[in-house]
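Below are the chains, spelled out letter by letter.
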Amino acid sequence: MSLGDLSGGIGQLQDALEKLQAVWSETREEWRDANSRHFEQEFLRPIALEFSQAYTAIQRLSDVLKQAERDCEPWR
C-alpha cells in the first residue's frame, strides 16, 4: 500500500455509514414519534452530509499524496 492510498480507510467509513443507515431504517419502522424525527434530523442526516464532504476531501488528499509520492520516486 502506498502512502497516498487512503481507499482502505474511506472504505471502512463508507461501510460503517451503510450499516448505520440500514440499522436506522429497521429502527424507524418501530420508532415513529417526534423524538425519532428529531434524532434523525439532528444526528443522522448531518453524519451523512459530513461523510459526503469528507469523502470528497479524502479523495483529493489521496490524489495529492499519490502525486507527491510519484514526484519523490527518484529519491527513494
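Residues numbered from 1 in each chain as written. Predicted model: local features only at pLDDT ≥ 70, side-chain atom pairs only at ≥ 80, totals over all residues. Heavy atoms only, no water.

> Just checking my understanding: could you explain the pattern of salt bridges for this structure?
Pairing between side chains becomes possible if they bear opposite charge and their charged atoms approach one another. Applying the stated rule across the entire model yields one salt bridge. Where Glu40 meets Arg28, a salt bridge forms, and the shortest distance between an N and an O atom there is 2.9 Å. A residue pair is termed long-range when its members are at least 10 positions apart, and Glu40 in helix α2 (residues 34-72) and Arg28 in helix α1 (residues 7-30) qualify at twelve residues. According to the relative accessible area criterion, Arg28 is partly exposed, its value standing at 37%. (Salt bridge = Lys/Arg side-chain N within 4 Å of Asp/Glu carboxyl O. Helix = DSSP H or I, 4+ residues; strand = E, 2+ residues; numbered from the N terminus. Buried < 20%, exposed > 50% of the residue type's maximum accessible area, 1.4 Å probe, protein only.)

> Would you mind going over the packing of aromatic side chains with me for this structure?
Each aromatic ring pair is described using two quantities: the centre-to-centre distance and the angle formed by the ring planes. Counted under the stated rule, the structure contains five aromatic pairs. Ring geometry for Trp24 versus Trp31: centroids 5.7 Å apart, planes at 80°, classification edge-to-face. Under the relative-accessibility criterion, Trp24 is labelled buried at 9%. Under the relative-accessibility criterion, Trp31 is labelled partly exposed at 30%. With a centroid separation of 6.0 Å and 40° between ring planes, the pair formed by Phe51 and Tyr55 is classed as tilted. Residue Phe51 and its partner Tyr55 are both found in helix α2; the two are separated by four residues, about one turn of the helix. Relative accessible area serves as the criterion here: at 32%, Tyr55 is assigned to the partly exposed category. In this structure an aromatic cluster arises from ring pairing among Trp24, Trp31, Phe39 and Phe43. (Phe/Tyr/Trp six-rings, centres within 6.5 Å; stacked < 30°, edge-to-face > 60°.)

> Help me understand the environment of Asp63 in this model?
Examined against the element boundaries, Asp63 turns out to sit in helix α2. For the pair Asp63 and Phe51, spaced twelve residues apart in sequence, the C-alpha to C-alpha distance is 18 Å.

> What exactly am I supposed to notice about the side chain of Glu40 here?
Taking the relative accessible area as the measure of exposure, Glu40 reaches 15% and is therefore buried. A distance of 2.9 Å separates polar atoms of two side chains, one belonging to Glu40 and the other to Arg28. (Polar contact = N/O pair within 3.5 Å; in protein donor to acceptor, adjacent residues only side chain to side chain.)

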